[in-house]
Amino acid sequence: MVSLNGRVLLLNFSYEPLGTVGVARAMCLHLRGVVFVEEFDGARVLHSPREEFPVPSVVRLRRYVDVRRRRQTAGMKRLRIFVRDRFRCQYCGERRAAHELTLDHITPRSRGGRSTPENLVTACVGCNTRKGSRTPEEARMPLLTPQTALRVGLEHVLLCHYAESRPEWRKYLFVPETIVDERREFA
């Protein structure tokens, strides 16, 4: 039996990646006629008492949805920062579980630093405490990732993370094979 826990890439009518949905949600959208199935997930099928349904891997909306406003006001999610930084402290480089990590403001809030993805990095508790309310330069704790690299959209980072194990998604996310291979080397 196929698990309904997998993820399905959701594209706008214009082929712009919108995010992911669960297999069950994708199947409901397909059966209601809301989406086209662009790619199937190999030979995986879902069984009902009377029929078999191929499991989608990539679906595309039948109507265009304007998401610009939603993206501008979308809340930043803690997990997305952790995924962007690959669950690694950006000061000491140690990889940790999510419950052992914190978010650190590069420019401290006490100095006007905002809670934006560009100003937040993953840090272990020890490094976050050691840095305190200082900048990385003042604390003599340089960032492992340049601050300019932190400006990449979190949605795209999350989708690229999923694409590492889903090669059929790469052409929709514009992720060359070489980038995926490089990310595996540094992991």
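Residues numbered from 1 in each chain as written. Predicted model: local features only at pLDDT ≥ 70, side-chain atom pairs only at ≥ 80, totals over all residues. Heavy atoms only, no water.

Caption draft 1: Just the nonpolar core, in detail. Ranked by internal contacts, the top residues of the largest apolar core, which has 14 residues, are Val8, Leu10, Val23 and Val35. Mapped by element, the contributors of at least two residues to this core are strand 1 (7–11), strand 2 (17–22), helix 1 (23–31), strand 3 (35–47) and strand 4 (52–61). With residues up to four places along the chain from it excluded, the contact list for Val23 reads Leu4, Gly6, Arg7, Val8, Leu46 and Val55. Counting residues in each nonpolar core, the second largest holds nine residues, with Cys89, Ile106, Val121 and Ala139 among its members. (Core = buried A, V, L, I, M, F, W, Y, C linked by side-chain atoms within 4.5 Å. Buried < 20%, exposed > 50% of the residue type's maximum accessible area, 1.4 Å probe, protein only. Helix = DSSP H or I, 4+ residues; strand = E, 2+ residues; numbered from the N terminus. Contact = heavy atoms within 4.5 Å.)

Caption draft 2: Focus on helix 1. When we look at burial in helix 1, the residues that qualify are Val23, Ala26, Met27 and Leu29. Take helix 1 and look down its axis: the buried residues cluster within an arc of 160 degrees, on one side only. Considering only its buried residues, helix 1 is in contact with strand 1, strand 2, strand 3 and strand 4. Phi turns positive, to about 80 degrees, at Gly33, one or two residues after helix 1. (Arc of directions from axis to C-beta.)

Caption draft 3: Summary view of the sheet that holds strand 3. Within the open sheet, the four strands sit side by side as 2-1-4-3. Their pairing is mixed. Each edge of the sheet is formed by a strand with only one pairing partner; in this case those strands are strand 2 and strand 3. Ignoring which end each strand starts from, the neighbouring axes of this sheet average 30 degrees apart. Note: strand 1 against strand 4, three bridges, orientation parallel. Paired with Leu9 across the strands is Val58, a residue of strand 4. Helix 1 contacts strand 1, strand 2, strand 3 and strand 4 of the sheet and is inclined by roughly 105 degrees relative to strand 2. (Pairing = 2+ DSSP bridges. Axes fitted to C-alpha atoms, helices over the stretch in contact; angles between N-to-C directions.)

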